[in-house]
Amino acid sequence: MFRVLIFSDAGAARGGLSLERLELTEKFLNQLKQKARYIAWLNPMAKERWFGTTAGEIAPLVPMFDFSHQGLDGVIDVLRGRGSHAKLGYRL
């Protein structure tokens, strides 16, 4: 089983909501969950920019963190199987 880090703005940079992108990302994540033990998403956009965007819709599907010191700590915890996200059933 793999540990996967995704680095993407998930559409937050454009500030829009793309249902097509959301659907494709959901399919991708479902396939990835079959192979990966832990998945974390590092988003270079501030969390405040996710609301109303595709990123905001993807965030509940996978542990997503903004690119900050705290966000990096969260990503490391998830990929190591620790932290609140790992305890909430995000171990895949």
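Cut-offs and rules
Residues numbered from 1 in each chain as written. Predicted model: local features only at pLDDT ≥ 70, side-chain atom pairs only at ≥ 80, totals over all residues. Heavy atoms only, no water. Pairing = 2+ DSSP bridges. Helix = DSSP H or I, 4+ residues; strand = E, 2+ residues; numbered from the N terminus. Axes fitted to C-alpha atoms, helices over the stretch in contact; angles between N-to-C directions. Contact = heavy atoms within 4.5 Å. Salt bridge = Lys/Arg side-chain N within 4 Å of Asp/Glu carboxyl O. Buried < 20%, exposed > 50% of the residue type's maximum accessible area, 1.4 Å probe, protein only. Expected span 1.5 Å × (residues − 1). Arc of directions from axis to C-beta. Core = buried A, V, L, I, M, F, W, Y, C linked by side-chain atoms within 4.5 Å. pLDDT = per-residue confidence, 0-100.

**Observations regarding the sheet that holds strand β1 (residues 2–7)**
Note: strands within a sheet are paired through backbone hydrogen bonds, in either parallel or antiparallel orientation.
1) Next: Pairing in this open sheet of three strands is parallel, and the strands run β1-β2-β3 from one edge to the other. Each edge of the sheet is formed by a strand with only one pairing partner; in this case those strands are β1 and β3 (64–66). For this sheet the average axis-to-axis angle between neighbouring strands, irrespective of direction, equals 25 degrees.
2) Next: Across six bridges, the pairing between β1 and strand β2 (residues 36–43) is parallel. Bridge pairing links Phe2 to Ala36 in β2.
3) Next: Across the sheet, helix α1 (residues 19–33) is in contact with β1 and β2; its angle to β2 comes to roughly 145 degrees.

**Thoughts on the pattern of salt bridges**
1) Next: For the coordinates displayed, the defined rule picks out three salt bridges.
2) Next: With a closest N to O distance of 3.3 Å, Asp77 and Arg82 form a salt bridge.
3) Next: Using a relative accessible area of 41% as the deciding quantity, one classes Arg82 as partly exposed.

**Considering α1**
1) Next: Under the 1.5 Å per step criterion, the end-to-end length of α1 is 21 Å for 15 residues, consistent within 8% with the ideal 21 Å.
2) Next: Regarding α1, the residues found buried are Leu22, Thr25, Leu29 and Leu32. Along the axis of α1, the buried positions cluster into a sector of 90 degrees, meaning they face one direction only. Turned more than 90 degrees away from the buried face of α1 sit Leu19, Glu20, Leu24 and Gln31, all of them exposed.

**Here we look at the nonpolar core**
1) Next: Grouped together as the largest cluster of nonpolar side chains are 17 residues, with contacts concentrated most on Ile6, Ile39, Trp41, Trp50, Ile58 and Met64.
2) Next: At the level of elements, β1, α1, β2 and α2 (54–58) are the ones that each hand at least two residues to this core.
3) Next: Beyond its immediate sequence surroundings of up to four residues, Met64 is in contact with Ala10, Trp41, Asn43, Trp50, Ala55, Ile58 and Ala59.

**Regarding the confidence of the model for the chain**
1) Next: The pLDDT averaged across the chain works out to 90; a share of 90% of its residues lies at or above 70.
2) Next: Segment residues 87–92 is flagged for pLDDT under 50; beyond a separation of four residues in sequence, or across chains, it makes 14 contacts in the model.

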